[in-house]
Amino acid sequence: MNLTFPSTDWFQITATDYLWFYFPALLADGKISQPVAPVSCTGLGCEGYFLPGLPSYIHFDPTTPNLTATEYPDATTFIQQNAPGYQLDFSDIDINTDPSVTLEDCRVYGLSFLALQICLKQANNSMLASTTAL
Amino acid sequence: MTILSRHASTVFNRTDFNILQVMDLSPPTPQIYTPNVFFSFLDVLFSINTTEPDFAQSSQYALLFMLSNYLQRSQDDLLDTGGGTRKLRLQDFLATPIALFNDGRFPISNEDVVPGMGTSITMAVPGDRVCVPE
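### A short note on the state of the cysteines
Residue and element names in this part refer to chain A.
So, step 1. Scanning all chains against the criterion turns up two disulfides over all chains.
So, step 2. Across the disulfide from Cys-41 sits Cys-46; the S-S distance is 2.0 Å. One disulfide, between Cys-41 and Cys-46, carries an S-S torsion of 80° and so falls in the right-handed class.
So, step 3. What makes Cys-46 buried here is its relative accessible area of 14%.
So, step 4. One disulfide bridge connects Cys-106 with Cys-119, the sulfur atoms lying 2.0 Å from each other. One disulfide, between Cys-106 and Cys-119, carries an S-S torsion of 100° and so falls in the right-handed class.

### Quick notes on the pairing of strand β4 (residues 106-110) of chain A
Residues and elements named next belong to chain A.
So, step 1. Summarising the sheet, β4 and strand β5 (residues 115-123) pair through five bridges and their orientation is antiparallel. Across the sheet, residue Cys-106 finds its bridge partner in β5, namely Cys-119.
So, step 2. Adjacent in sequence and paired antiparallel, β4 and β5 are bridged by four residues.

### As for the confidence of the model for chain B
All names here are of chain B.
So, step 1. Of the residues in chain B, 83% have a pLDDT of 70 or more, and the chain-wide mean is 83.
So, step 2. The lowest-confidence element of chain B is strand β4 (residues 120-124), averaging 82 in pLDDT; the highest-confidence one is strand β2 (residues 19-23), averaging 95.
So, step 3. Across the interfaces of the predicted complex, the ipTM metric reaches 0.90, alongside a pTM of 0.87.

### Things to note about the packing of aromatic side chains
So, step 1. Per the counting criterion, the structure on display carries 15 aromatic pairs over all chains.
So, step 2. Ring centres of Phe-21 of chain A and Tyr-22 of chain A lie 5.0 Å apart, and the angle between their planes is 80°; this geometry places the pair in the edge-to-face category.
So, step 3. A relative accessible area of 66% means that Phe-21 of chain A is categorised as exposed.
So, step 4. Ring centres of Tyr-109 of chain A and Phe-46 of chain B lie 5.1 Å apart, and the angle between their planes is 40°; on these two criteria the pair is classed as tilted.

### Details of the pairing of β2 of chain B
Residues and elements named next belong to chain B.
So, step 1. Judged from the four bridges that link them, strand β1 (residues 2-13) and β2 form a sheet pairing that is antiparallel. If you follow Val-11 over to β2, its bridge partner there is Gln-21.
So, step 2. In this structure, the hairpin formed by β1 and β2 is closed by a connection of five residues, where Phe-17 is found at a positive phi of approximately 65°.

### Remarks on the pattern of salt bridges
So, step 1. Within the structure shown, the criterion is met by three salt bridges over all chains.
So, step 2. Of the charged contacts, one joins Lys-87 of chain B and Asp-92 of chain A as a salt bridge, the two residues approaching to 3.1 Å between their closest N and O atoms. Residue Lys-87 of chain B is located in helix α3 (residues 86-100), and its partner Asp-92 of chain A is located in the loop between β3 (77-90) and β4; the two belong to separate chains.
So, step 3. By relative accessible area, Lys-87 of chain B is classed as partly exposed at 37%.
So, step 4. For Asp-92 of chain A, a relative accessible area of 43% gives the class partly exposed.
So, step 5. Two residues, Lys-121 of chain A and Asp-105 of chain A, come together in a salt bridge whose shortest N-O distance is 3.4 Å. Of the two residues, Lys-121 of chain A is situated in strand β5 and Asp-105 of chain A in the loop between β3 and β4; the sequence distance between them amounts to 16 residues.
So, step 6. Here Lys-121 of chain A falls in the buried class, since its relative accessible area comes to 19%.

### Section: the domain arrangement of chain A
All names here are of chain A.
So, step 1. Assigned domains within chain A: domain 1 (1-29 + 98-134) and domain 2 (33-54 + 82-92).
So, step 2. Between the C-alpha centres of domain 1 and domain 2 the distance comes to 19 Å.
So, step 3. Counting residues at the interface gives six residues for domain 1, matched by seven residues for domain 2.
So, step 4. The interface formed by domain 1 and domain 2 includes zero salt bridges.
So, step 5. Linking domain 1 with domain 2 are two residue pairs in polar contact (both at pLDDT 80 or more), by the criterion used here.
So, step 6. Of the residues assigned to the side of domain 1 that touches domain 2, the class counts are four nonpolar, no polar and two charged.

### Describing the nonpolar core
Nonpolar side chains in soluble globular proteins tend to end up buried together.
So, step 1. Within the largest apolar cluster, 55 residues are counted, with the highest numbers of intra-cluster contacts made by Ile-118 of chain A together with Met-1, Phe-38, Phe-46, Leu-67 and Phe-101 of chain B.
So, step 2. Going through the elements one at a time, α1 (9-22), β2 (47-51), β3, β5 and β6 (126-133) of chain A together with α1 (35-45), α2 (59-70) and α3 of chain B are the ones with two or more residues in this core.
So, step 3. Within the second largest apolar cluster, 10 residues are counted, among which are Val-36 and Phe-78 of chain A together with Ile-19 and Val-22 of chain B.

Definitions and limits used
- Residues numbered from 1 in each chain as written.
- Chains lettered and ligands numbered in written order.
- Predicted model: local features only at pLDDT ≥ 70, side-chain atom pairs only at ≥ 80, totals over all residues.
- Heavy atoms only, no water.
- Disulfide = S-S within 2.5 Å.
- Buried < 20%, exposed > 50% of the residue type's maximum accessible area, 1.4 Å probe, protein only.
- Pairing = 2+ DSSP bridges.
- Helix = DSSP H or I, 4+ residues; strand = E, 2+ residues; numbered from the N terminus.
- pLDDT = per-residue confidence, 0-100.
- Phe/Tyr/Trp six-rings, centres within 6.5 Å; stacked < 30°, edge-to-face > 60°.
- Salt bridge = Lys/Arg side-chain N within 4 Å of Asp/Glu carboxyl O.
- Domains from an automatic or database assignment.
- Contact = heavy atoms within 4.5 Å.
- Polar contact = N/O pair within 3.5 Å; in protein donor to acceptor, adjacent residues only side chain to side chain.
- Nonpolar A, V, L, I, M, F, W, Y, C, P; charged D, E, K, R; others polar.
- Core = buried A, V, L, I, M, F, W, Y, C linked by side-chain atoms within 4.5 Å.

If you want it as structure tokens, here you go:
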């Protein structure tokens, strides 16, 4: 993630709408995410997703001709070669081995009549997460 | 949730950009984003300015209102929101900042090519690989 991004004007003005547009089904969106074999967990409740980035993120070389529909008309796919992406592995919290989540790990967002508590805790290379509506 | 970075070649449908296959995945590298990194994003995403007379019509308020319901349905009804189980919704919520606010989409520098990014795409016609038993 771009760690300096939250301080930018763009983020502060636009990010909420931007997140909302993608959030509700991000991992089920076949344009963004693809299930893959998890590498950091096993068993029931362990799932892995690879996120290569949207095709719209591709920066084309401005010195080369545009790739139009008339180019290679028989080709029905394109392959983004050897590009970086994120793999996210999810697994259930193990109350016997994972550290306990306390209020110190939580922040409450909202108002006196509408709030959401989000708890995040680092556990080795993973992060534990939970929510509560208030 | 465990966050890993990997290189891969991703096959996209030329027409609708759906991901058809992820192949040639490189060994994973753990990416450690601490809870404070996530909170720095969430602090802005949920920043409701209550001094504004119409704050209840802001995107931040609407997002909080939606999330406080969406993440906290009292039971895992797969049909009520179309969003899947509560666990999947939380996974979507955690994955979205990673998928959207990354260096590939929003580079730190203004360079056209970010170091480590892929540099080529290939047009392709899907075919079948014939496996010959040894």
